[in-house]
Amino acid sequence: MPYAVVVGADGSEPSTAAAEWAAREAHRSGRPLRLLHVGGVDSTAPGESDRGEVPPSVLATRDHLTRLLPGLEVTCDHMPGTPAYALAAAGGRNGLLVLGSRGLGGFAGLLVGSVSLRTAGHANCPVVVVRDGADGQGAGAGEVVLGLDSDQADPDVIAFAFEQAAARGATLRVLESRQVPAGPYSTEPVVYQPEVREALEAAELLRLQDALAPWRAKHPEVRVEAELTAWPAGRALVEASRSACLTVVGRRRPRLHPSAPWLGHVTHAVLHHAHSPVAVVPHD
């Protein structure tokens, strides 16, 4: 049985938007969808009880999705515990976890709340954060944007981006933030000659293309646009997300404390400010 697409559900508008995104993803990939409501405490305090009930608003979301996508296998569960840890555990290592979050988008507003940040920092599977009304939320609209460092190109992150682009029939736009080397000394004049700078830029672009080559061969149907940008990576990805149906970034698992939450500054910035849903893919 394929691993389920798990979505955190509480009946709110952002949660419903995330559930619709997750339902389309599950339907497209032939996987079941699991709506998970997390509440209560890890251990019941004296005189208290966790009734283990799914709220009516979450059940209404389930019914809405089954009408929207007939044939989709949907389950609906309640789990006691701390939301971030319970959701991360439910996603496992091979699933896909989808969360909703409020926010204005762009650099004027923040996208992600504390639960989404903690879950994205803890989970061992890809986490997609969907904002209600996100510009690129529609199924199949726009391009898939991937932020990549060709010096540390992780296969899990690249493979996820290619698979998402292939499933949507979308262009994969790969961005790398890279400053062209200025030579061994800042006063060295040769690197300011146009032909030298062009050669250096071509060499950096070739390295990025080489990092993508194995996945281009595996997914020949995916149109790939690879480009270098002098902008800081976070800003470049936020701007690119305006035309994206999904923005993909990586998250390195801490080596010393693998279970500790960790989001790099680029991933953190993209989660907070992107205009499209954001997928955070963990890697070693």
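Residues numbered from 1 in each chain as written. Predicted model: local features only at pLDDT ≥ 70, side-chain atom pairs only at ≥ 80, totals over all residues. Heavy atoms only, no water.

> How do you make sense of the sheet that holds strand E2 (residues 33-39) when you look at a structure like this?
Backbone hydrogen bonds hold the strands of a sheet together, and the pairing may be parallel or antiparallel. Strand order across the open sheet formed by 10 strands is E3-E2-E1-E4-E5-E10-E9-E6-E7-E8, with mixed pairing between neighbours. Two strands lie at the open edges of the sheet, namely strand E3 (74-80) and strand E8 (224-229), each paired on one side alone. Looking at each pair of strands side by side, their axes are set apart by 25° on average, direction ignored. Across 6 bridges, the pairing between strand E9 (residues 244-252) and strand E10 (residues 278-283) is parallel. Of the residues in E10, the one forming a bridge with Thr-247 is Val-278. Packing against the sheet, helix H4 (residues 114-122) makes contact with strand E4 (96-101), strand E5 (127-131), E9 and E10, and its axis sits at approximately 160° to E4. (Pairing = 2+ DSSP bridges. Helix = DSSP H or I, 4+ residues; strand = E, 2+ residues; numbered from the N terminus. Axes fitted to C-alpha atoms, helices over the stretch in contact; angles between N-to-C directions. Contact = heavy atoms within 4.5 Å.)

> In this structure, what is going on with H4? I would like to understand it.
An α-helical segment advances 3.6 residues per turn. Residues three or four places apart therefore align on the same side. Every buried residue of H4 is accounted for by Ser-116, Leu-117, Thr-119, Ala-120, Gly-121 and His-122. Looking at the buried positions of H4, the neighbouring elements they touch are helix H3 (83-91), E4, E5, E9, helix H8 (265-273) and E10. (Buried < 20%, exposed > 50% of the residue type's maximum accessible area, 1.4 Å probe, protein only.)

> What is the right way to look at the pattern of salt bridges in this model?
Within the structure shown, the criterion is met by 15 salt bridges. Note that Arg-28 and Glu-25 form a salt bridge whose closest N and O atoms lie 2.9 Å from each other. Of the two residues, Arg-28 and Glu-25 are both situated in helix H1 (residues 13-29); the distance of 3 residues between them amounts to about one turn of the helix. Arg-28 gets classed as partly exposed once you look at its relative accessible area, which sits at 32%. Overall, Glu-25 belongs to the buried group, its relative accessible area being 4%. Glu-204 is paired through a salt bridge with Arg-178; the nearest N and O atoms lie 3.4 Å apart. In this pair, Glu-204 is assigned in helix H6 (residues 194-218) and Arg-178 in the loop between strand E7 (172-177) and H6, connecting sequence segments 26 residues apart. Assigned by exposure class, Glu-204 and Arg-178 land together as buried. Beyond isolated ion pairs, a larger network of salt bridges with shared partners links Asp-149, Asp-151, Glu-176, Arg-178, Glu-204 and Arg-207. (Salt bridge = Lys/Arg side-chain N within 4 Å of Asp/Glu carboxyl O.)

> Can you help me understand the nonpolar core in this one?
Across soluble globular proteins, you tend to see nonpolar side chains buried next to one another. Of all hydrophobic cores here, the largest spans 46 residues; its most connected members are Leu-33, Leu-35, Val-98, Leu-172, Leu-212 and Val-248. Considering each element in turn, this core owes the most residues, 7 residues, to helix H5 (residues 155-168). Excluding anything up to four places from it in sequence, Val-98 contacts Val-5, Val-6, Val-7, Gly-8, Ala-18, Trp-21, Ala-22, Val-128 and Val-130. One finds Ala-88, Val-127, Leu-271 and Ala-274 within the second-largest nonpolar core, a separate group that totals 27 residues. (Core = buried A, V, L, I, M, F, W, Y, C linked by side-chain atoms within 4.5 Å.)

> Hey, could you run me through the confidence of the model for the protein in this one?
The predicted coordinates should not be examined in detail at positions where pLDDT is low. Per-residue confidence for the protein gives a mean pLDDT of 83, with 79% of residues at or over 70. Ranking the elements of the protein by mean pLDDT puts H4 last, at 85, and strand E6 (residues 143-147) first, at 97. In the predicted structure, residues 103-111 sits below a pLDDT of 50 and forms 29 contacts with residues beyond four places in sequence or in another chain. For the stretch residues 135-140, pLDDT sits under 50, and the model shows 17 contacts to residues farther than four places along the chain or on other chains. (pLDDT = per-residue confidence, 0-100.)

> How should the packing of aromatic side chains be read in this particular structure?
To describe a pair of aromatic rings, you give the distance between the ring centres and the angle between the ring planes. Evaluation of the coordinates by the stated rule reveals 0 aromatic pairs. Cation over ring: Arg-235 sits above Trp-231, and NZ or CZ is 4.0 Å from the ring centre. (Phe/Tyr/Trp six-rings, centres within 6.5 Å; stacked < 30°, edge-to-face > 60°. Lys NZ or Arg CZ within 6 Å of the ring centre and 35° of its normal.)

> Can you walk me through the side chain of Arg-178 in this structure?
Overall, Arg-178 belongs to the buried group, its relative accessible area being 17%. Reaching out from Arg-178, the side chain makes a polar contact with the side chain of Glu-176 at a distance of 2.5 Å. Setting aside residues up to four positions removed in sequence, Arg-178 forms contacts with Asp-149, Ser-150, Asp-151, Glu-204, Arg-207, Leu-228, Thr-229 and Ala-230. (Polar contact = N/O pair within 3.5 Å; in protein donor to acceptor, adjacent residues only side chain to side chain.)

> Honestly, the environment of Asp-63 in this entry has me stumped. Any pointers?
Topologically, Asp-63 is positioned in helix H2 (residues 56-68). The class for Asp-63 is partly exposed, based on a relative accessible area of 32%. Counting along the chain gives 11 residues from Asp-63 to Val-74, while the straight-line C-alpha distance between them is 9.1 Å. Here Arg-62 takes part through its side chain, which lies 3.2 Å from a polar atom of the side chain of Asp-63.

> Can you walk me through the packing of H1 against H2 in this structure?
For any two helices packed against each other, the geometry is given by the interaxial angle and the distance between the axes. Packing of H1 against H2 leaves a shortest axis separation of 11 Å and a crossing angle of 35°. Here H1 and H2 pass one another in a crossing that is right-handed. In this structure, H1 uses Thr-16, Ala-19, Glu-20, Ala-23 and Arg-24 to contact H2, whose residues at the interface are Thr-61, His-64, Leu-65 and Leu-68. Each residue belonging to the contact of H1 with H2 can be placed in one class, and the counts come to 4 nonpolar, 3 polar and 2 charged. (Left-handed = near helix turned anticlockwise from the far one by under 90°. Nonpolar A, V, L, I, M, F, W, Y, C, P; charged D, E, K, R; others polar.)

> Help me out: how do you make sense of the environment of Leu-175 in this one?
In this structure, Leu-175 sits in strand E7. Judged by its relative accessible area of 6%, Leu-175 falls in the buried class. Along the primary structure Leu-175 and Asp-149 are separated by 26 residues, whereas in three dimensions their C-alpha atoms are 8.5 Å apart. Beyond its immediate chain neighbours, meaning those up to four positions away, Leu-175 contacts Val-145, Leu-146, Gly-147, Leu-148, Glu-227, Ala-236, Leu-237 and Ala-240.

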